[in-house]
Amino acid sequence: HAVRYSVETVSGVVYGFFWLLFNGLGRLFFRYGTTGHEHIPKQGGLLIAANHASYLDIPLLGCGIRRRVAFLGRHDLFPIPLKGILAWLGWIPIRPDRFDRAGFGKAIQLIKKGKAVVIYPEGTRTRDGKLRPGKPGLGTIVAETGCLVVPAYIDGTFAVLPTGSVWPRLHPVRVIFGKPIDFSAEAQRCIGKEFYRHVSRTVMAQIAELGHVAPPAH
């Protein structure tokens, strides 16, 4: 127990260092700011769902969350030497070509333990800046945990580093968090794929509303 506690403490310190580092860089280069961070519960299992436009979404979204979070992300997002370190800090690799039971299972376990997990329901970065439909993995996690979902819209990262770009551009970035969504009532009426679709569509609609953009076409 002492060894595990020590490892968790060290990873927490390293996570905190990067949180401060990216906060500083974000404010310096992108005039980074957040709105609605008070909507994020300070404790308890939680799922935070955001749009996905850039590789910068992970660090810049994390900067706006004042509690430690784990991130679901593509298994091939980072080079092999970094994967172990990032997994230690909270990255949960998932395969985008199928339902990854191991990856989603880990996210479910963390939420049941009272942790916060970030998911990008679209599953991949947008290529044109528009929102894409959410995938069913979001609904699966909610069905298994009964957790609240906090929607978030990341504004500006597509302009800073869109798909295909190598060097970031200077552009303001802001993250807007919405009020938590409770799906417990719907879970009593809907099951299976019907519930998953309802959760994904509701969350993506809330994300669109936060960003004042068009919701994804279904």
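This text gives an overview of the structure that appears in the document. Because the structure is a prediction, the values reported are computed rather than measured.

## Here's the deal with the sheet that holds strand S6 (residues 148-155)
Right, on to step 1. In space, the 7 strands of this open sheet follow the order S1-S7-S6-S2-S5-S3-S4, with mixed pairing throughout. A strand with exactly one partner marks an edge of an open sheet, and here the two such strands are strand S1 (33-35) and strand S4 (91-94). Each strand of the sheet is rotated relative to its neighbour by a mean of 25 degrees, with strand direction disregarded.
Right, on to step 2. Most of the contacts of helix H5 (residues 137-145) go to strand S2 (residues 46-50), to which it runs at about 165 degrees, and overall it touches S2, strand S3 (69-74), strand S5 (116-119) and S6.

## Regarding H5
Right, on to step 1. Those residues of H5 that fall on the buried side of the exposure criterion are Gly-137, Leu-138, Gly-139, Thr-140, Ile-141 and Val-142.
Right, on to step 2. On its buried face, H5 sits against S2, S3, helix H4 (101-112), S5, S6 and helix H8 (192-211).
Right, on to step 3. Note on H5: the residue one or two positions beyond its end, Gly-146, has a positive phi of about 70 degrees.

## Things to note about unusual backbone geometry
Right, on to step 1. One non-glycine residue, Arg-31, lies in positive phi territory at about 50 degrees.
Right, on to step 2. As for its placement among the helices and strands, Arg-31 is situated in the loop between helix H1 (2-30) and S1.
Right, on to step 3. With phi around 55 degrees, His-212 is a residue other than glycine that occupies positive phi space.
Right, on to step 4. When its relative accessible area of 75% is taken as the criterion, His-212 is described as exposed.

## Brief notes about the side chain of Asn-51
Right, on to step 1. With respect to the helices and strands, Asn-51 occurs in the loop between S2 and helix H2 (57-62).
Right, on to step 2. Asn-51 gets classed as buried once you look at its relative accessible area, which sits at 4%.
Right, on to step 3. Looking at Asn-51, its side chain comes within polar contact range of the main-chain nitrogen of Ile-154, at 2.7 Å.
Right, on to step 4. Those residues in contact with Asn-51, other than ones at most four positions away along the chain, are Asp-57, Tyr-120, Glu-122, Leu-131, Ala-152, Tyr-153, Ile-154 and Ile-207.

About the cut-offs
Residues numbered from 1 in each chain as written. Predicted model: local features only at pLDDT ≥ 70, side-chain atom pairs only at ≥ 80, totals over all residues. Heavy atoms only, no water. Pairing = 2+ DSSP bridges. Helix = DSSP H or I, 4+ residues; strand = E, 2+ residues; numbered from the N terminus. Axes fitted to C-alpha atoms, helices over the stretch in contact; angles between N-to-C directions. Contact = heavy atoms within 4.5 Å. Buried < 20%, exposed > 50% of the residue type's maximum accessible area, 1.4 Å probe, protein only. Polar contact = N/O pair within 3.5 Å; in protein donor to acceptor, adjacent residues only side chain to side chain.

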